[in-house]
Amino acid sequence: MYLYLKALHLIFIVTWFSGLFYIVRLFIYNTEAQERPEPERSVLQKQFTIMIRRLWYGITWPSALLTLIFGLWIWYLLNATPGWLVIKLVFVAGLFAYHLSLHILVRQQMKGLFKFSSQQLRIWNEVATIFLVSIVILAVVKQNMSLIWGLLGLLLLMILLMSAIRIYKYIRLKK
């Protein structure tokens, strides 16, 4: 039973992260549609609003909840909380906070409120990457994880992601 629960947990982690990554891309496209002339702007906004609603409520939220349910069930079956799992759960709590921040953005964009630039949203999109890498490495490496090397690796990943965003912006502005 444990392995089936673990498989379901992993499946819903994948679908949840897919939703988290794609929803921000839709925010970016929707935000950039504001710069388009009418009637193109209205057509794009209407389509992106439909896509955002379906992705968020049809895939991302259900996947997050099922990930949580299966994860708690597995934790219950483990009947223990090793140190690495405590750290992983802190990252998972951060991931749920990130998820809720995206929920606020969903609600804003559904109302036609665009408080962030596409550049800011691109940066915010990479937060999910940081959570994904952190959680997967902790789940795989477990107690063999070095805190110092883990933090250095995380810092290096953040530097690489921010550099990639800057390079992409430079390339876009050059065109």
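This text goes with the structure placed above it.
From a predicted model like this one, the values you see are computed outputs, not experimental measurements. (Residues numbered from 1 in each chain as written. Predicted model: local features only at pLDDT ≥ 70, side-chain atom pairs only at ≥ 80, totals over all residues. Heavy atoms only, no water.)

*Asks:* Just to check I follow, could you spell out the layout of surface pockets for this structure?
*Replies:* Unoccupied space between atoms shows up once a probe the size of one water molecule is rolled over them. A volume near 790 Å³ is recorded for the largest pocket. In terms of lining, the largest pocket is formed by 30 residues, of which the most central are His-9, Ile-13, Lys-88, Ile-135 and Ala-139. Broken down by secondary-structure element, the contributors of at least two residues to the lining of the largest pocket are helix 1 (2-33), helix 2 (40-78), helix 3 (83-110) and helix 4 (118-141). When residues of the lining of the largest pocket are assigned to their parent elements, the largest contribution, nine residues, is made by helix 1. In terms of residue class, the lining of the largest pocket is made up of 24 nonpolar, three polar and three charged. (1 Å grid on protein atoms, 1.4 Å probe; cavity = no way out; pocket = protein on both sides within 12 Å on 5 of 7 lines; lining within 4 Å. Points joined across faces, edges and corners; volume = space filled by probe spheres on them. Helix = DSSP H or I, 4+ residues; strand = E, 2+ residues; numbered from the N terminus. Nonpolar A, V, L, I, M, F, W, Y, C, P; charged D, E, K, R; others polar.)

*Asks:* Can you help me understand the pattern of salt bridges in this one?
*Replies:* Side chains carrying opposite charge are able to pair once their charged atoms draw close together. Following the criterion strictly, the structure yields three salt bridges and no others. A salt bridge links Arg-122 to Glu-32, with the shortest nitrogen-to-oxygen separation between them at 3.1 Å. Residue Arg-122 is located in helix 4, and its partner Glu-32 is located in helix 1; the two are separated by 90 residues in the primary sequence. Under the relative-accessibility criterion, Arg-122 is labelled buried at 8%. Note on Glu-32: relative accessible area 17%, which makes it buried. In this structure, Glu-40 engages Arg-36 in a salt bridge whose closest nitrogen and oxygen atoms are separated by 3.1 Å. (Salt bridge = Lys/Arg side-chain N within 4 Å of Asp/Glu carboxyl O. Buried < 20%, exposed > 50% of the residue type's maximum accessible area, 1.4 Å probe, protein only.)

*Asks:* Sorry, what's going on with empty space enclosed by the protein here?
*Replies:* Summed over the entire model, instances satisfying the criterion amount to one cavity of 30 Å³ or more. Taken as a whole, the largest cavity spans an internal volume of roughly 50 Å³. Lining of the largest cavity is provided by Phe-27, Thr-31, Leu-105, Gln-108, Gln-109, Leu-113, Phe-114, Lys-115, Phe-116 and Leu-121. Taken together, the elements giving at least two residues each to the lining of the largest cavity come down to helix 1 and helix 3.

*Asks:* I would appreciate a short explanation of the packing of helix 3 against helix 4 in the present structure.
*Replies:* The angle between the axes and the distance between the axes are what describe a pair of packed helices. Viewed as axis vectors pointing N to C, helix 3 and helix 4 meet at an angle of 155 degrees, and their least axial separation amounts to 10 Å. The angle between the axes of helix 3 and helix 4 places the two elements in the roughly antiparallel class. Pair helix 3 / helix 4 crosses with left-handed handedness. Of the residues in helix 4, those in contact with Trp-84, Ile-87, Lys-88, Phe-91, Val-92, Gly-94, Leu-95, Tyr-98, Ser-101, Leu-102, Leu-105 and Gln-109 of helix 3 are Leu-121, Trp-124, Asn-125, Val-127, Ala-128, Phe-131, Ser-134, Ile-135, Leu-138 and Ala-139. A breakdown of the residues in the contact of helix 3 with helix 4 according to their chemical character gives 16 nonpolar, five polar and one charged. (Axes fitted to C-alpha atoms, helices over the stretch in contact; angles between N-to-C directions. Parallel < 35°, antiparallel > 145°, perpendicular 65-115°, else oblique. Left-handed = near helix turned anticlockwise from the far one by under 90°. Contact = heavy atoms within 4.5 Å.)

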